[in-house]
Amino acid sequence: MTDSAVLQAGLQQPGWQVDRFIVSTALAGLALLGGLIWLETAPFMVALFLIGAVLGMALYHGAFGFTAGWRNLVVKKRGAGMRAQLLLFGVTSLIMVPMLHSGQPGMVGAVAPISTSLVVGSFLFGIGMQLGGGCGSGTLFTVGAGNLRMAVTLVFFIIGTVIGSIHVPWWFSQPGFDPVPLVRSLGVPGALLAQFAALGLIAWWVNRIERKAHGNLHWDELLWRSPGRSPLRTLLSGRWPFTWAIAIVAIGNALTLWIGGSPWGITFAFNVWGAKALEAVGVDMSQFEYWQWRYPAAALRDSVLTHITSVMNFGLLLGAMLAAGLANRFNEASQKRPEGRPFLAAVMGGLLLGYGARLGFGCNIGALFSGIASASLHAWVWFACAFAGSLLGIRLRLWFRLPN
Amino acid sequence: MERPYSRVRVLVMLAIILVLIMADHLSSPTFAFNSGQGNVETALSQQAPLAGRPVPQHETDH
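Criteria and thresholds
- Residues numbered from 1 in each chain as written.
- Chains lettered and ligands numbered in written order.
- Predicted model: local features only at pLDDT ≥ 70, side-chain atom pairs only at ≥ 80, totals over all residues.
- Heavy atoms only, no water.
- Helix = DSSP H or I, 4+ residues; strand = E, 2+ residues; numbered from the N terminus.
- Rg over C-alpha atoms; globule rule 2.2 N^0.38 Å.
- Contact = heavy atoms within 4.5 Å.
- Areas by Shrake-Rupley, 256 points an atom, 1.4 Å probe, with all protein chains shown as cover.
- Lys, Arg positive; Asp, Glu negative; His and termini not counted.
- Charge placed at Lys NZ, Arg CZ, Asp CG, Glu CD.
- Phe/Tyr/Trp six-rings, centres within 6.5 Å; stacked < 30°, edge-to-face > 60°.
- Buried < 20%, exposed > 50% of the residue type's maximum accessible area, 1.4 Å probe, protein only.
- Lys NZ or Arg CZ within 6 Å of the ring centre and 35° of its normal.
- Salt bridge = Lys/Arg side-chain N within 4 Å of Asp/Glu carboxyl O.
- Disulfide = S-S within 2.5 Å.
- Patch = residues over 30% accessible without salt bridge, like charges linked within 9 Å, V, L, I, M, F, W, Y side chains within 5 Å.

Peer 1: Could you clarify how one ought to interpret the overall build of chain A in this entry?
Peer 2: Secondary structure summary: chain A contains 17 helices and two strands in total. Over its C-alpha atoms chain A spans a radius of gyration of 21 Å, differing by no more than 12% from the 22 Å that the globule rule assigns to 404 residues. Overall, the C-alpha framework of chain A stretches about 60 × 55 × 55 Å when taken along its three principal axes. Sequence-distant contacts in chain A: of pairs separated by 6 or more residues, those separated by 24 or more amount to 80%. Roughly 16,000 Å² of accessible area belongs to chain A as shown, and the carbon and sulfur atoms make up 67% of that amount. Here chain A contributes 26 positively and 13 negatively charged side chains, and the mean placements of these two sets differ by 13 Å.

Peer 1: Hey, could you run me through the packing of aromatic side chains in this one?
Peer 2: By convention here, two paired aromatic rings are described through the distance between centres and the angle between planes. Residues and elements named next belong to chain A. One pass over the full model with this rule turns up 25 aromatic pairs over all chains. Their ring planes at 45° and their centres at 5.4 Å tell us that phenylalanine 268 and tyrosine 295 sit as a pair that is tilted. Residue phenylalanine 268 is located in helix 12 (residues 267–280), and its partner tyrosine 295 is located in helix 13 (residues 294–301); the two are separated by 27 residues in the primary sequence. By relative accessible area, phenylalanine 268 is classed as buried at 0%. Taken together, the ring pairs in this structure connect Phe64, Phe66, Trp70, Phe89, Trp205, Phe242, Trp264, Phe369, Phe383 and Phe387 into an aromatic cluster. The aromatic ring of phenylalanine 242 is capped on one face by arginine 239, whose charged end is 5.3 Å from the ring centroid. Over the aromatic face of tryptophan 399 sits the side chain of arginine 341, whose NZ or CZ is 4.0 Å from the ring centroid.

Peer 1: Is there a simple way to explain the pattern of salt bridges in this structure?
Peer 2: According to the stated counting rule, one finds four salt bridges over all chains in the structure shown. Between A:Arg78 and A:Glu210 there is a salt bridge, with the nearest N and O atoms lying 2.8 Å from each other. With A:Arg78 in the loop between helix 4 (66–76) and helix 5 (80–100) and A:Glu210 in helix 9 (residues 182–214), this residue pair connects regions lying 132 residues apart in the sequence. Residue B:Asp24 pairs with A:Lys276 through a salt bridge whose shortest N-O separation is 2.7 Å.

Peer 1: Explain helix 4 of chain A here, please?
Peer 2: Each turn of an α-helix holds 3.6 residues, which means side chains three or four residues apart point in the same direction. Within the sequence span of helix 4 of chain A, burial applies to A:Phe66, A:Thr67, A:Gly69, A:Trp70, A:Arg71 and A:Leu73. Remark: A:Lys77 follows helix 4 of chain A within two positions and exhibits a positive phi of approximately 60°.

Peer 1: Would you explain the state of the cysteines in this entry?
Peer 2: As used in these notes, a disulfide is a covalent bond between sulfur atoms, one from each of two cysteines. Counted under the stated rule, the structure contains zero disulfides over all chains. Cysteine A:Cys135 shares no disulfide, and the gap to the nearest cysteine sulfur, in A:Cys363, comes to 6.9 Å.

Peer 1: When you look at a nonpolar patch on the surface in this model, what are you seeing that I'm missing?
Peer 2: All names here are of chain A. Judged by side-chain polarity, Leu87, Val91, Leu94, Ile95, Phe196, Trp219 and Leu222 come together as a nonpolar surface patch covering roughly 570 Å² of accessible area. Structurally, leucine 94 is set in helix 5. For leucine 94, a relative accessible area of 49% gives the class partly exposed.

In short, geometric facts, not functional conclusions.
Next up, the structure:
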(Lines give C-alpha, C1' and ligand atoms only; values in the text may rest on other atoms or scores of the structure.)
Protein backbone atom coordinates (compact mmCIF):
# COMPACT_ATOMS: atom_id res chain seq x y z
CA MET A 1 0.00 0.00 0.00
CA THR A 2 1.40 3.41 -0.92
CA ASP A 3 1.80 6.18 1.62
CA SER A 4 -1.05 8.14 0.06
CA ALA A 5 -3.32 5.10 0.19
CA VAL A 6 -2.52 4.64 3.87
CA LEU A 7 -3.27 8.31 4.45
CA GLN A 8 -6.57 8.04 2.59
CA ALA A 9 -7.54 4.98 4.62
CA GLY A 10 -6.73 6.83 7.84
CA LEU A 11 -8.60 9.95 6.81
CA GLN A 12 -11.66 8.01 5.72
CA GLN A 13 -12.23 6.43 9.11
CA PRO A 14 -15.60 7.57 10.42
CA GLY A 15 -16.00 10.28 13.00
CA TRP A 16 -12.84 12.25 12.34
CA GLN A 17 -13.13 15.90 11.44
CA VAL A 18 -10.13 18.14 11.01
CA ASP A 19 -10.36 21.85 11.79
CA ARG A 20 -8.92 22.98 8.47
CA PHE A 21 -8.72 26.64 9.45
CA ILE A 22 -6.65 25.95 12.56
CA VAL A 23 -4.46 23.37 10.79
CA SER A 24 -3.74 25.69 7.85
CA THR A 25 -3.17 28.68 10.15
CA ALA A 26 -0.74 26.70 12.31
CA LEU A 27 1.11 25.39 9.24
CA ALA A 28 1.29 28.91 7.79
CA GLY A 29 2.62 30.18 11.14
CA LEU A 30 5.25 27.43 11.23
CA ALA A 31 6.32 28.18 7.65
CA LEU A 32 6.40 31.95 8.19
CA LEU A 33 8.28 31.95 11.47
CA GLY A 34 10.52 29.07 10.39
CA GLY A 35 11.43 31.00 7.23
CA LEU A 36 12.15 34.13 9.23
CA ILE A 37 14.41 32.22 11.63
CA TRP A 38 16.16 30.59 8.65
CA LEU A 39 16.77 33.95 6.99
CA GLU A 40 17.80 35.91 10.05
CA THR A 41 19.63 33.46 12.32
CA ALA A 42 21.11 30.04 11.60
CA PRO A 43 19.91 26.64 10.34
CA PHE A 44 20.34 25.02 13.77
CA MET A 45 17.78 27.48 15.16
CA VAL A 46 15.26 26.26 12.57
CA ALA A 47 15.96 22.70 13.69
CA LEU A 48 15.27 23.70 17.32
CA PHE A 49 12.10 25.53 16.26
CA LEU A 50 10.84 22.35 14.56
CA ILE A 51 11.82 20.22 17.56
CA GLY A 52 9.74 22.61 19.67
CA ALA A 53 6.79 22.08 17.30
CA VAL A 54 7.08 18.30 17.50
CA LEU A 55 7.31 18.51 21.30
CA GLY A 56 4.15 20.65 21.32
CA MET A 57 2.32 18.01 19.26
CA ALA A 58 3.60 15.22 21.51
CA LEU A 59 2.57 17.00 24.70
CA TYR A 60 -0.90 17.77 23.31
CA HIS A 61 -1.61 14.44 21.65
CA GLY A 62 -0.08 12.55 24.58
CA ALA A 63 -2.01 14.71 27.08
CA PHE A 64 1.31 14.68 28.89
CA GLY A 65 0.61 16.96 31.82
CA PHE A 66 2.76 16.79 34.93
CA THR A 67 0.12 18.61 36.99
CA ALA A 68 -2.77 16.24 36.28
CA GLY A 69 -0.52 13.21 36.79
CA TRP A 70 0.39 14.37 40.28
CA ARG A 71 -3.23 15.31 41.11
CA ASN A 72 -4.59 11.98 39.85
CA LEU A 73 -2.25 10.18 42.22
CA VAL A 74 -3.27 12.30 45.20
CA VAL A 75 -7.00 12.60 44.54
CA LYS A 76 -8.02 9.58 42.44
CA LYS A 77 -5.18 7.35 43.64
CA ARG A 78 -4.34 6.43 40.05
CA GLY A 79 -0.67 6.34 39.17
CA ALA A 80 -0.39 5.88 35.38
CA GLY A 81 0.42 9.57 34.73
CA MET A 82 3.03 9.60 37.47
CA ARG A 83 4.61 6.35 36.29
CA ALA A 84 4.72 7.74 32.73
CA GLN A 85 6.74 10.69 34.04
CA LEU A 86 9.10 8.36 35.92
CA LEU A 87 9.54 6.28 32.77
CA LEU A 88 10.28 9.46 30.82
CA PHE A 89 12.94 10.50 33.35
CA GLY A 90 14.54 7.05 33.24
CA VAL A 91 14.64 6.77 29.45
CA THR A 92 15.93 10.32 29.00
CA SER A 93 18.68 10.01 31.59
CA LEU A 94 19.78 6.78 29.93
CA ILE A 95 20.32 8.79 26.72
CA MET A 96 21.50 12.14 28.05
CA VAL A 97 23.80 11.33 30.98
CA PRO A 98 26.25 9.41 28.74
CA MET A 99 25.92 12.15 26.09
CA LEU A 100 26.85 14.85 28.59
CA HIS A 101 29.90 12.91 29.76
CA SER A 102 31.06 11.62 26.38
CA GLY A 103 33.79 14.22 26.25
CA GLN A 104 32.20 16.01 23.31
CA PRO A 105 32.70 19.76 23.83
CA GLY A 106 29.88 22.29 23.74
CA MET A 107 27.30 20.53 25.90
CA VAL A 108 26.30 21.71 29.37
CA GLY A 109 23.83 19.90 31.64
CA ALA A 110 21.08 21.37 33.82
CA VAL A 111 22.98 21.41 37.10
CA ALA A 112 22.20 23.83 39.92
CA PRO A 113 22.96 24.44 43.59
CA ILE A 114 20.94 22.93 46.46
CA SER A 115 19.86 26.20 47.99
CA THR A 116 17.18 28.04 49.91
CA SER A 117 15.95 29.52 46.66
CA LEU A 118 15.61 26.03 45.14
CA VAL A 119 13.51 24.75 48.06
CA VAL A 120 11.28 27.84 48.29
CA GLY A 121 10.97 28.26 44.52
CA SER A 122 10.02 24.67 43.75
CA PHE A 123 7.52 24.59 46.64
CA LEU A 124 5.83 27.76 45.33
CA PHE A 125 5.91 26.32 41.81
CA GLY A 126 4.12 23.20 43.06
CA ILE A 127 1.30 25.29 44.55
CA GLY A 128 1.13 27.31 41.33
CA MET A 129 0.85 24.15 39.21
CA GLN A 130 -2.41 23.18 40.87
CA LEU A 131 -3.89 26.69 41.02
CA GLY A 132 -2.75 27.74 37.54
CA GLY A 133 -3.81 24.41 36.04
CA GLY A 134 -0.49 23.52 34.46
CA CYS A 135 3.28 23.55 34.72
CA GLY A 136 5.74 25.25 32.33
CA SER A 137 5.15 22.92 29.39
CA GLY A 138 1.49 22.34 30.29
CA THR A 139 0.70 26.05 30.32
CA LEU A 140 2.36 26.57 26.97
CA PHE A 141 0.81 23.68 25.06
CA THR A 142 -2.70 24.35 26.38
CA VAL A 143 -2.40 28.02 25.36
CA GLY A 144 -1.34 26.81 21.90
CA ALA A 145 -4.48 24.68 21.85
CA GLY A 146 -6.58 27.78 22.51
CA ASN A 147 -7.31 27.48 26.23
CA LEU A 148 -8.28 30.97 27.46
CA ARG A 149 -7.90 30.27 31.18
CA MET A 150 -4.36 29.05 30.57
CA ALA A 151 -3.65 32.22 28.57
CA VAL A 152 -4.44 34.15 31.78
CA THR A 153 -2.10 31.82 33.68
CA LEU A 154 0.63 32.41 31.07
CA VAL A 155 0.40 36.21 31.30
CA PHE A 156 0.79 36.09 35.08
CA PHE A 157 3.45 33.37 34.76
CA ILE A 158 5.48 35.89 32.74
CA ILE A 159 4.84 38.65 35.31
CA GLY A 160 5.88 36.27 38.09
CA THR A 161 9.19 35.40 36.42
CA VAL A 162 10.04 39.08 36.02
CA ILE A 163 9.29 39.82 39.70
CA GLY A 164 11.35 36.74 40.56
CA SER A 165 14.26 37.97 38.47
CA ILE A 166 14.32 41.23 40.46
CA HIS A 167 14.39 39.37 43.78
CA VAL A 168 16.56 36.43 42.79
CA PRO A 169 20.00 37.92 43.62
CA TRP A 170 18.83 38.23 47.25
CA TRP A 171 17.54 34.64 47.25
CA PHE A 172 20.83 33.39 45.79
CA SER A 173 22.68 35.00 48.69
CA GLN A 174 20.79 32.81 51.19
CA PRO A 175 22.33 29.57 52.52
CA GLY A 176 22.92 26.74 50.07
CA PHE A 177 25.34 24.14 48.76
CA ASP A 178 27.28 23.95 45.54
CA PRO A 179 25.77 21.89 42.69
CA VAL A 180 25.99 18.13 43.16
CA PRO A 181 26.34 16.37 39.79
CA LEU A 182 25.91 12.69 40.66
CA VAL A 183 28.38 11.65 37.95
CA ARG A 184 31.21 13.43 39.76
CA SER A 185 31.02 11.11 42.76
CA LEU A 186 29.43 7.98 41.24
CA GLY A 187 30.58 7.97 37.62
CA VAL A 188 28.14 7.54 34.73
CA PRO A 189 27.03 3.94 35.50
CA GLY A 190 26.76 4.69 39.22
CA ALA A 191 24.74 7.87 38.65
CA LEU A 192 22.37 6.04 36.31
CA LEU A 193 21.95 3.16 38.78
CA ALA A 194 21.31 5.56 41.67
CA GLN A 195 18.69 7.41 39.62
CA PHE A 196 16.99 4.20 38.48
CA ALA A 197 16.88 3.03 42.10
CA ALA A 198 15.24 6.31 43.14
CA LEU A 199 12.76 6.17 40.24
CA GLY A 200 11.98 2.53 41.10
CA LEU A 201 11.39 3.45 44.72
CA ILE A 202 8.94 6.19 43.75
CA ALA A 203 7.20 3.82 41.30
CA TRP A 204 6.84 1.26 44.11
CA TRP A 205 5.29 3.95 46.35
CA VAL A 206 2.91 5.03 43.55
CA ASN A 207 1.88 1.40 42.92
CA ARG A 208 1.28 0.87 46.62
CA ILE A 209 -1.08 3.86 46.77
CA GLU A 210 -3.01 2.72 43.68
CA ARG A 211 -3.25 -0.92 44.75
CA LYS A 212 -4.35 0.02 48.25
CA ALA A 213 -7.16 2.24 46.90
CA HIS A 214 -8.35 0.13 43.96
CA GLY A 215 -6.95 -3.35 44.49
CA ASN A 216 -5.34 -3.23 41.02
CA LEU A 217 -3.07 -1.17 38.80
CA HIS A 218 -3.97 0.52 35.50
CA TRP A 219 -0.82 0.21 33.41
CA ASP A 220 -1.95 2.88 30.91
CA GLU A 221 1.58 4.19 30.57
CA LEU A 222 2.68 0.93 28.95
CA LEU A 223 0.04 0.92 26.18
CA TRP A 224 1.57 1.45 22.76
CA ARG A 225 -1.60 1.47 20.63
CA SER A 226 -4.86 3.34 20.95
CA PRO A 227 -7.64 0.74 20.74
CA GLY A 228 -10.05 1.01 17.80
CA ARG A 229 -7.97 3.48 15.80
CA SER A 230 -5.37 3.04 13.11
CA PRO A 231 -1.83 4.10 14.07
CA LEU A 232 -1.90 6.81 11.38
CA ARG A 233 -5.09 8.35 12.67
CA THR A 234 -3.78 8.17 16.22
CA LEU A 235 -0.54 9.82 15.10
CA LEU A 236 -2.36 12.72 13.45
CA SER A 237 -5.39 13.26 15.66
CA GLY A 238 -4.39 11.67 18.99
CA ARG A 239 -4.74 10.60 21.62
CA TRP A 240 -1.26 9.13 21.65
CA PRO A 241 -0.44 6.33 24.06
CA PHE A 242 1.96 7.53 26.76
CA THR A 243 4.75 5.41 25.25
CA TRP A 244 4.71 7.48 22.03
CA ALA A 245 4.83 10.76 23.92
CA ILE A 246 7.60 9.46 26.19
CA ALA A 247 9.71 8.40 23.20
CA ILE A 248 9.23 11.70 21.33
CA VAL A 249 9.79 13.92 24.38
CA ALA A 250 12.92 11.97 25.42
CA ILE A 251 14.40 12.15 21.91
CA GLY A 252 13.38 15.83 21.67
CA ASN A 253 15.28 16.73 24.82
CA ALA A 254 18.35 14.77 23.70
CA LEU A 255 18.29 16.50 20.29
CA THR A 256 17.94 19.88 22.01
CA LEU A 257 21.07 19.11 24.02
CA TRP A 258 22.93 17.89 20.96
CA ILE A 259 21.98 20.79 18.70
CA GLY A 260 21.58 23.65 21.18
CA GLY A 261 24.29 22.71 23.69
CA SER A 262 22.04 22.59 26.77
CA PRO A 263 18.92 20.60 27.70
CA TRP A 264 15.36 21.70 27.04
CA GLY A 265 14.07 24.62 29.11
CA ILE A 266 10.98 26.80 28.93
CA THR A 267 10.63 29.49 31.54
CA PHE A 268 13.72 31.62 30.95
CA ALA A 269 12.03 32.75 27.73
CA PHE A 270 9.07 34.03 29.77
CA ASN A 271 11.56 36.04 31.78
CA VAL A 272 13.02 37.58 28.64
CA TRP A 273 9.60 38.32 27.11
CA GLY A 274 8.42 40.04 30.29
CA ALA A 275 11.59 42.09 30.62
CA LYS A 276 11.42 43.12 26.96
CA ALA A 277 7.80 44.23 27.46
CA LEU A 278 8.84 46.39 30.42
CA GLU A 279 11.73 47.87 28.44
CA ALA A 280 9.28 48.69 25.64
CA VAL A 281 7.29 50.86 28.04
CA GLY A 282 10.38 52.64 29.30
CA VAL A 283 11.60 50.57 32.26
CA ASP A 284 15.39 50.27 32.36
CA MET A 285 15.89 46.62 33.26
CA SER A 286 19.65 47.01 33.55
CA GLN A 287 19.07 48.76 36.89
CA PHE A 288 18.31 45.29 38.31
CA GLU A 289 21.28 43.10 39.16
CA TYR A 290 19.94 39.97 37.46
CA TRP A 291 19.71 41.75 34.12
CA GLN A 292 23.33 42.86 34.40
CA TRP A 293 24.52 39.22 34.47
CA ARG A 294 26.06 38.21 31.21
CA TYR A 295 23.57 35.63 29.93
CA PRO A 296 20.32 37.44 30.80
CA ALA A 297 21.76 40.74 29.58
CA ALA A 298 22.73 39.19 26.23
CA ALA A 299 19.29 37.56 25.85
CA LEU A 300 17.54 40.83 26.66
CA ARG A 301 19.64 42.87 24.25
CA ASP A 302 19.25 40.68 21.18
CA SER A 303 16.30 39.38 19.12
CA VAL A 304 14.05 36.66 20.53
CA LEU A 305 14.72 34.82 17.27
CA THR A 306 18.31 34.24 18.40
CA HIS A 307 17.21 32.90 21.76
CA ILE A 308 16.91 29.10 21.79
CA THR A 309 14.27 28.83 24.52
CA SER A 310 12.07 31.49 22.92
CA VAL A 311 12.33 29.89 19.49
CA MET A 312 11.47 26.45 20.89
CA ASN A 313 8.52 27.92 22.80
CA PHE A 314 7.18 29.51 19.60
CA GLY A 315 7.46 26.13 17.91
CA LEU A 316 5.75 24.44 20.84
CA LEU A 317 2.80 26.83 20.74
CA LEU A 318 2.30 26.32 17.00
CA GLY A 319 2.82 22.55 17.26
CA ALA A 320 0.14 22.32 19.95
CA MET A 321 -2.16 24.49 17.81
CA LEU A 322 -1.62 22.16 14.86
CA ALA A 323 -2.32 19.10 17.01
CA ALA A 324 -5.50 20.66 18.42
CA GLY A 325 -6.65 21.46 14.88
CA LEU A 326 -5.97 17.91 13.71
CA ALA A 327 -7.96 16.63 16.68
CA ASN A 328 -10.70 19.20 15.97
CA ARG A 329 -10.48 20.33 19.57
CA PHE A 330 -9.02 23.84 19.33
CA ASN A 331 -10.40 26.11 22.03
CA GLU A 332 -12.46 23.18 23.34
CA ALA A 333 -11.56 23.89 26.96
CA SER A 334 -12.69 27.53 26.79
CA GLN A 335 -16.45 27.16 26.46
CA LYS A 336 -16.84 28.69 29.90
CA ARG A 337 -14.89 31.90 30.42
CA PRO A 338 -12.88 32.04 33.64
CA GLU A 339 -14.37 34.40 36.19
CA GLY A 340 -14.56 34.83 39.94
CA ARG A 341 -12.44 32.49 42.02
CA PRO A 342 -11.28 30.28 39.11
CA PHE A 343 -10.00 33.44 37.42
CA LEU A 344 -8.25 34.46 40.64
CA ALA A 345 -6.71 30.98 40.80
CA ALA A 346 -5.28 31.44 37.29
CA VAL A 347 -3.81 34.82 38.33
CA MET A 348 -2.31 33.56 41.59
CA GLY A 349 -1.22 30.27 40.05
CA GLY A 350 0.56 32.08 37.24
CA LEU A 351 2.38 34.41 39.62
CA LEU A 352 3.48 31.50 41.83
CA LEU A 353 4.60 29.49 38.81
CA GLY A 354 6.67 32.37 37.49
CA TYR A 355 8.20 33.44 40.79
CA GLY A 356 8.82 29.82 41.77
CA ALA A 357 10.44 28.97 38.44
CA ARG A 358 12.85 31.87 38.70
CA LEU A 359 13.90 30.97 42.25
CA GLY A 360 13.93 27.22 41.63
CA PHE A 361 16.23 27.22 38.57
CA GLY A 362 13.39 26.45 36.20
CA CYS A 363 10.14 24.58 35.87
CA ASN A 364 9.18 20.94 35.61
CA ILE A 365 11.06 20.81 32.30
CA GLY A 366 14.22 22.87 32.91
CA ALA A 367 14.75 21.94 36.56
CA LEU A 368 13.02 18.57 37.00
CA PHE A 369 13.08 16.73 33.67
CA SER A 370 16.33 18.16 32.30
CA GLY A 371 17.87 18.17 35.78
CA ILE A 372 17.28 14.43 36.24
CA ALA A 373 18.40 13.83 32.65
CA SER A 374 21.64 15.60 33.67
CA ALA A 375 21.91 13.50 36.88
CA SER A 376 21.88 16.57 39.12
CA LEU A 377 20.82 16.22 42.75
CA HIS A 378 19.03 19.57 42.67
CA ALA A 379 16.36 18.05 40.39
CA TRP A 380 15.46 15.48 43.05
CA VAL A 381 15.15 18.19 45.70
CA TRP A 382 13.02 20.20 43.25
CA PHE A 383 10.79 17.13 42.69
CA ALA A 384 10.19 16.58 46.42
CA CYS A 385 9.53 20.26 47.22
CA ALA A 386 7.28 20.84 44.20
CA PHE A 387 5.27 17.73 45.06
CA ALA A 388 4.84 19.01 48.61
CA GLY A 389 3.69 22.37 47.25
CA SER A 390 1.35 20.55 44.90
CA LEU A 391 -0.29 18.79 47.87
CA LEU A 392 -1.09 22.20 49.36
CA GLY A 393 -2.24 23.47 45.96
CA ILE A 394 -4.67 20.56 45.58
CA ARG A 395 -6.27 21.47 48.91
CA LEU A 396 -6.48 25.14 47.89
CA ARG A 397 -8.23 24.22 44.62
CA LEU A 398 -11.42 23.52 46.57
CA TRP A 399 -11.58 27.12 47.84
CA PHE A 400 -10.99 28.39 44.32
CA ARG A 401 -13.88 26.20 43.09
CA LEU A 402 -11.64 24.23 40.79
CA PRO A 403 -12.62 20.60 40.22
CA ASN A 404 -10.31 17.95 41.57
CA MET B 1 -21.75 22.71 14.00
CA GLU B 2 -20.98 26.06 15.62
CA ARG B 3 -17.28 26.83 15.86
CA PRO B 4 -16.17 27.39 19.48
CA TYR B 5 -13.91 30.33 18.59
CA SER B 6 -13.75 33.39 16.36
CA ARG B 7 -11.48 33.00 13.33
CA VAL B 8 -10.83 36.74 13.28
CA ARG B 9 -9.78 36.71 16.92
CA VAL B 10 -7.33 33.86 16.29
CA LEU B 11 -5.79 35.66 13.31
CA VAL B 12 -5.59 38.97 15.19
CA MET B 13 -3.84 37.30 18.15
CA LEU B 14 -1.30 35.60 15.88
CA ALA B 15 -0.76 38.83 13.94
CA ILE B 16 -0.09 40.73 17.19
CA ILE B 17 2.47 38.11 18.25
CA LEU B 18 4.15 38.28 14.82
CA VAL B 19 4.28 42.09 14.94
CA LEU B 20 5.82 42.00 18.41
CA ILE B 21 8.45 39.47 17.28
CA MET B 22 9.24 41.57 14.19
CA ALA B 23 9.43 44.82 16.19
CA ASP B 24 11.83 43.15 18.62
CA HIS B 25 13.90 41.68 15.82
CA LEU B 26 14.14 44.84 13.72
CA SER B 27 15.65 46.74 16.64
CA SER B 28 18.12 43.98 17.52
CA PRO B 29 21.88 43.71 17.03
CA THR B 30 21.34 40.58 14.92
CA PHE B 31 19.20 42.50 12.41
CA ALA B 32 21.80 45.30 12.37
CA PHE B 33 24.52 42.74 11.71
CA ASN B 34 22.49 41.09 8.95
CA SER B 35 21.93 44.52 7.40
CA GLY B 36 25.67 44.95 6.98
CA GLN B 37 26.60 46.93 10.08
CA GLY B 38 29.94 45.75 11.40
CA ASN B 39 31.14 45.94 14.98
CA VAL B 40 27.91 44.56 16.38
CA GLU B 41 28.02 41.87 19.03
CA THR B 42 25.14 39.44 18.50
CA ALA B 43 23.89 36.62 20.72
CA LEU B 44 24.67 34.05 18.03
CA SER B 45 28.22 35.28 17.49
CA GLN B 46 28.75 34.99 21.25
CA GLN B 47 27.50 31.42 21.37
CA ALA B 48 30.58 29.79 19.89
CA PRO B 49 33.06 30.93 22.54
CA LEU B 50 30.48 30.29 25.26
CA ALA B 51 29.92 26.72 24.19
CA GLY B 52 32.02 24.24 26.03
CA ARG B 53 32.45 26.19 29.22
CA PRO B 54 30.13 25.75 32.17
CA VAL B 55 27.78 28.72 32.30
CA PRO B 56 26.98 29.81 35.88
CA GLN B 57 23.75 27.97 36.62
CA HIS B 58 21.92 30.99 37.93
CA GLU B 59 22.33 32.54 34.50
CA THR B 60 21.41 29.53 32.42
CA ASP B 61 18.46 28.77 30.37
CA HIS B 62 15.60 27.18 32.24
